[in-house]
Amino acid sequence: MEPIKRDIYLNRLIERRENGLIKVVTGIRRCGKSYLMFKLYYQYLLDSGVEASRIITVSLDDDDYEELRDSRQLSRYIRQRITDDGMWYVFLDEVQMCKGFESALNGLNRKENLDIYVTGSNSKFLSSDVLTEFRGRGDEVRIYPLSFSEYVSAYSGDKYDAWIDYYTYGGLPLILSRKTDELKSQYLIDLCRELYLKDIEERHKLRGDNVMAALVNVLASAVGSLTNPTKLANTFKSNGINVSDKTIGVYIGYLLDAFLISKAERYDIKGKKYIASPFKYYFTDVGLRNARLNFRQQEENHLMENIIYNELLIRGFNVDVGVVEHSERDENGKVVRKRLEVDFICNRGNQRYYIQSAFAIPDSSKMHQEQKSLVHIGDSFKKIIVVKDRIKLWRNEEGIVIMGIMDFLLNPNSLDL
């Protein structure tokens, strides 16, 4: 297996080096946070002339460091290792396992010759909370499972075979070292049950509660569909499970907190406001989504939409689901208001793009259907339809760019082609 380059995240750490803030690397467990910090960034520091003795590493999920899960012990351990001359680097893995880590890190961060990096697997570390936890001294680098281009860079076949494997087994890095389909699927099924769900159950004391596992399955089978806690509670009731929408809302919060899923809110493009409900939920890793359904439901079109959504997040966009209202006449000549959907509105700084995920556009009526919401937006931001077909990028008469999924995923500048 080729070593996996994760330059997008490595560069984000390099840009933040010695900036006086605590660098917090967040993301779902097993997505490569430790590899990024302890292998790639560690090697970068050595290559830039830092002596290994000046890099203090502590893996708090390792039993060898069990006593350092107490914040005072951790603080003492680091203070005893450093001197006042020159810069020291501290790497702490799975820092949430240290009780009271916030005060220890805030204290250590006052030392001007300490550059601190931590990883964490729950959203105690999401940006708004990072700022609260570290009183404005936290700087988050969110890391995701492998993007398709990262996956291809370490894959030993062609990109079309890689695509089939990727939408089936996802991008958790260790998937690439599993040689057979059976080993890959078993790894993901076990991981979902034994690591992610168990983690959530233990953290929130849900033992013996079958609602969480059932909720993950329902969200997995309806990935990218509009839903909300009330709708989900009704689905449960129709299957004989009595659970309140409030409980469903809390449980979804736990899944978001563990980075297992992401939520896309709906935005009224012309009205310039968010719509309170319903939302769309996507899985951070499509392999875990498929594993929850025992690899039975693999609709490539839904998985492609989920992969496009994840790719946009990886590139640093804020992503919403768009709604466009417009008037048209029905067959009786009566004017009716229609709500059309745009799969994704992507914002990053002053950039904005509108993107539709269309599995195939075999004829002009399908093209009309796919571009209908885009042509009614009425602003000059770029509009793109991504299709599964192997096609050359082209622009249609409405000025909409049509590109294949490979061009979109493999070219980091694809939105500007």
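See the structure shown above.
Conventions used here
- Residues numbered from 1 in each chain as written.
- Predicted model: local features only at pLDDT ≥ 70, side-chain atom pairs only at ≥ 80, totals over all residues.
- Heavy atoms only, no water.
- Pairing = 2+ DSSP bridges.
- Helix = DSSP H or I, 4+ residues; strand = E, 2+ residues; numbered from the N terminus.
- Buried < 20%, exposed > 50% of the residue type's maximum accessible area, 1.4 Å probe, protein only.
- Axes fitted to C-alpha atoms, helices over the stretch in contact; angles between N-to-C directions.
- Arc of directions from axis to C-beta.
- Contact = heavy atoms within 4.5 Å.
- Core = buried A, V, L, I, M, F, W, Y, C linked by side-chain atoms within 4.5 Å.
- Salt bridge = Lys/Arg side-chain N within 4 Å of Asp/Glu carboxyl O.
- Lys, Arg positive; Asp, Glu negative; His and termini not counted.
- Polar contact = N/O pair within 3.5 Å; in protein donor to acceptor, adjacent residues only side chain to side chain.
- Disulfide = S-S within 2.5 Å.
- Phe/Tyr/Trp six-rings, centres within 6.5 Å; stacked < 30°, edge-to-face > 60°.
- Lys NZ or Arg CZ within 6 Å of the ring centre and 35° of its normal.

This part covers the sheet that holds strand 7 (residues 261-268). With mixed pairing, nine strands are arranged side by side in an open sheet as 6-8-7-9-10-11-12-14-13. Of all the strands in the sheet, just strand 6 (226-227) and strand 13 (394-395) have a single pairing partner and so form its edges. Two strands pair when backbone bridges link them, and strand 7 and strand 9 (residues 318-329) are joined in this way by three bridges, in the parallel orientation. Along strand 9, the bridge assignment pairs Asp268 with Val323.

Another aspect to go through is unusual backbone geometry. Cis rather than trans, the peptide bond between Ser277 and Pro278 has omega equal to -5°. Considering the arrangement of structural elements, one finds Pro278 in strand 8 (residues 273-283). At Glu18, a position not held by glycine, the phi torsion is positive, near 55°. Tracing the backbone shows Glu18 in the loop between helix 1 (7-15) and strand 1 (22-26). Although it is not a glycine, Lys205 adopts a positive phi angle of roughly 55°. Mapping Lys205 onto the fold places it in the loop between helix 8 (181-203) and helix 9 (211-221). You can call Lys205 exposed: its relative accessible area is 73%.

Across the sheet, which stays open at both edges, the five strands sit in the order 2-3-4-1-5 with parallel pairing between neighbours. Only two strands of the sheet have a single partner each, and these edge strands are strand 2 (55-59) and strand 5 (138-142). Going across the sheet, the axis of each strand differs from the next one's by a mean of 15°, ignoring polarity. Pairing of strand 2 with strand 3 (residues 88-93) involves five bridges; the strand directions are parallel. Across the sheet, the residue bridging to Val58 is Leu92, located in strand 3.

Restricting attention to buried positions, one finds in helix 10 (residues 229-238) the residues Pro229, Leu232, Ala233 and Phe236. All buried residues of helix 10 fall inside an arc of 100° around its axis, so they share one side. Looking at the buried positions of helix 10, the neighbouring elements they touch are helix 9, strand 6 and helix 11 (245-257).

Every buried residue of helix 14 (residues 364-375) is accounted for by Met367, Glu370, Gln371, Ser373 and Leu374. Down the axis of helix 14, the sector holding all buried residues measures 145°, keeping them to one side. Of the exposed residues in helix 14, those oriented more than 90 degrees away from the buried face are Ser365, His368 and Gln369.

The next thing to look at is the nonpolar core. Counting 97 residues, the largest nonpolar core has Leu312, Ile355 and Phe408 as the members making the most contacts within it. Among the elements that line this core, the one with the most residues is helix 8, at nine residues. Ranked by size, the runner-up nonpolar core spans 20 residues in total, among them Ile56, Cys98, Leu108 and Leu114.

Right, let's get into the pattern of salt bridges. Pairing is possible between side chains that carry opposite charge, provided their charged atoms lie close to one another. All told, the structure shown has 27 salt bridges when counted by the stated rule. In this structure, Lys198 and Glu194 form a salt bridge, with 2.8 Å as the shortest nitrogen-oxygen distance. Of this pair, Lys198 and Glu194 both sit in helix 8, four residues apart, which is roughly one turn of that helix. A relative accessible area of 36% places Lys198 in the partly exposed class. For the salt bridge of Glu370 with Lys366, the shortest nitrogen-to-oxygen distance reads 2.9 Å. Within this pair, Glu370 and its partner Lys366 are both found in helix 14, separated by four residues, close to a single helical turn. Judged by relative accessible area, which is 10%, Glu370 ranks as buried. Among the residues examined, Lys366 registers a relative accessible area of 23% and is labelled partly exposed. Three or more residues are tied together by salt bridges with common partners; here these are Arg29, Asp199, Arg203 and Asp257.

On to the side chain of Asp320, then. Within the secondary structure, Asp320 sits in strand 9. Nearest to the buried, unbridged Asp320 among oppositely charged side chains is Arg352, at 6.5 Å. Polar side-chain contacts of Asp320 include one of 2.7 Å to the side chain of Tyr274. With residues up to four places along the chain from it excluded, the contact list for Asp320 reads Glu265, Tyr267, Tyr274, Asp343, Phe344 and Ile345.

Glancing now at the state of the cysteines. All told, the structure shown has zero disulfides when counted by the stated rule. Distance from the sulfur of Cys192, which forms no disulfide, to the nearest cysteine sulfur (Cys31) is 15 Å.

Another aspect to go through is the environment of Gln73. Assignment of secondary structure puts Gln73 in helix 3 (residues 71-81). Sequence-wise, Gln73 and Asp139 are 66 residues apart; in three dimensions their C-alpha atoms are separated by 24 Å. When residues no more than four places from it in sequence are discounted, the contact partners of Gln73 are Glu67 and Leu68.

All told, the structure shown has 19 aromatic pairs when counted by the stated rule. Put simply, the rings of Phe38, Tyr41, Tyr42, Tyr44, Phe91 and Tyr117 pair up and form one aromatic cluster. Positioned above the aromatic ring of Trp88 is the side chain of Arg54, whose terminal nitrogen or guanidinium carbon lies 4.4 Å from the ring centre. Over the aromatic face of Tyr187 sits the side chain of Arg178, whose NZ or CZ is 4.4 Å from the ring centroid.

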